[in-house]
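# Report on the structure
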Amino acid sequence: MVAVVPAKRGKKPRGSAAAAPQPTGQVQSLTRGLKLLEWIAESHGSVALTELAQQAGLPNSTTHRLLTTMQQLGFVRQIGDLGHWTIGAHAFVVGSSFLQSRNLLAIVHPMLRKLMEDSGETVNLAVLDHSDHQAIIIDQVQCAQLMRMSAPIGGKLPMHASGAGKIFLANLSDDQVATLLHRKGLHSYTPATLTSPLHLKEDLAQTRKRGYSFDDEEHALGLRCVAACIYDEHHEAFAAISISGPISRITDDRVTELGALVIKAAKEITQAYGGGR
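Residues numbered from 1 in each chain as written. Predicted model: local features only at pLDDT ≥ 70, side-chain atom pairs only at ≥ 80, totals over all residues. Heavy atoms only, no water.

- The name an unreviewed UniProt entry gives the chain is Glyoxylate bypass operon transcriptional repressor IclR, with Dryocola boscaweniae as the organism.

Have a look at this one:
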């Protein structure tokens with residue numbers, strides 16, 4: 001149950017790599033090699049030596065020496081009659097170790113705390129339960145306000161009547177949403193709950209347009225919430241971060257401001273987690 005309760009007191013144009021100033025502490029050749037590796041990965045296939053040299057702002061000969069070194073270590077390889085460059089198997093081996101060691105809560109919790117400090121409101125992390133089609137709160141940083149949002153860790157949020165739930169729905173197609181709601185229904189929690197499929201569809205369209213969802217007392221009277229999605233390496237929404245608080249503080253004037261904050265935080269978490277940009 002979510003409620004407002006009294007609290008106890010107490011991709012951009014690339015410039016020339018050769019012309020760019022070298023950040024303190026970086027080894028130039030290593031930096032150049034890693035940037036080449038990144039650009040090859042971004043090509044989603046293979047790329048010619050001349051194109052890589054142009055992107056890096058380097059002579060073809062220097063670019064070739066860097067690529068040859070990485071090829072000897074298995075990070076890149078040449079393919080085809082034209083000798084284009086693509087990612088090597090060892091890059092996958094190294095990258096996959098990140099997937100094995102990453103911990104969502106360890107990555108996200110400091111960012112939740114910062115978002116709470118920036119917004120002055122309680123911040124939540126929820127994941128999508130595919131079996132039950134509900135959002136589940138797995139972490140929370142409460143604000144120090146006398147009146148604040150309170151929800152238990154492990155608490156479930158309805159898909160159609162919560163910030164986290166609606167941002168998950170906004171990542172589905174209209175047909176997928178219709179199929180899901182046909183199974184789950186549109187239970188009314190407050191007079192503001194969207195119980196009309198048409199009204200919910202319009203709300204989700206607005207959510208997709210602005211990049212964050214808005215729960216306007218739809219799950220609990222007196223409570224407002226904005227939320228944005230976190231994406232994994234497959235570009236799929238698997239978690240959501242939300243800011244929740246009483247309507248007395250999350251006024252109409254603050255909704256857009258908090259929406260921008262939650263979008264920024266969600267993008268930072270997505271990048272830190274290794275998700276798609």
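Picking up after the structure, the text goes on.
### Here's the deal with the pattern of salt bridges
- Enumeration over the complete set of coordinates arrives at 12 salt bridges.
- Between lysine 114 and aspartate 118 there is a salt bridge, with the nearest N and O atoms lying 2.8 Å from each other. Of the two residues, lysine 114 and aspartate 118 both sit in helix H5 (residues 104–119), four residues apart, roughly one turn of that helix.
- For aspartate 118, a relative accessible area of 40% translates into the label partly exposed.
- In this structure, arginine 224 engages aspartate 216 in a salt bridge whose closest nitrogen and oxygen atoms are separated by 2.7 Å.
- Taking the relative accessible area as the measure of exposure, arginine 224 reaches 6% and is therefore buried.
- With a relative accessible area of 26%, aspartate 216 lands in the partly exposed category.
- Through salt bridges with shared partners, a single ionic network connects Glu121, Arg249, Arg254 and Glu257. (Salt bridge = Lys/Arg side-chain N within 4 Å of Asp/Glu carboxyl O. Helix = DSSP H or I, 4+ residues; strand = E, 2+ residues; numbered from the N terminus. Buried < 20%, exposed > 50% of the residue type's maximum accessible area, 1.4 Å probe, protein only.)

### Regarding the nonpolar core
- Judged by nonpolar contacts, the single largest core of 30 residues is most densely connected at Val226, Ile230, Ile241 and Val262.
- Looking at this core, the elements with two or more residues in it are H5, strand S4 (122–129), strand S5 (134–141), strand S9 (223–231), strand S10 (237–246) and helix H9 (252–273).
- With eight residues, the single largest contributor to this core is H9.
- The contacts of valine 262, once residues within four sequence positions are left out, are Leu115, Tyr212, Val226, Ala227, Ala228, Ile241, Ser242 and Ile243.
- Among the nonpolar cores identified, the runner-up in size contains 26 residues, and Leu157, Leu169, Leu194 and Ala220 belong to it. (Core = buried A, V, L, I, M, F, W, Y, C linked by side-chain atoms within 4.5 Å. Contact = heavy atoms within 4.5 Å.)

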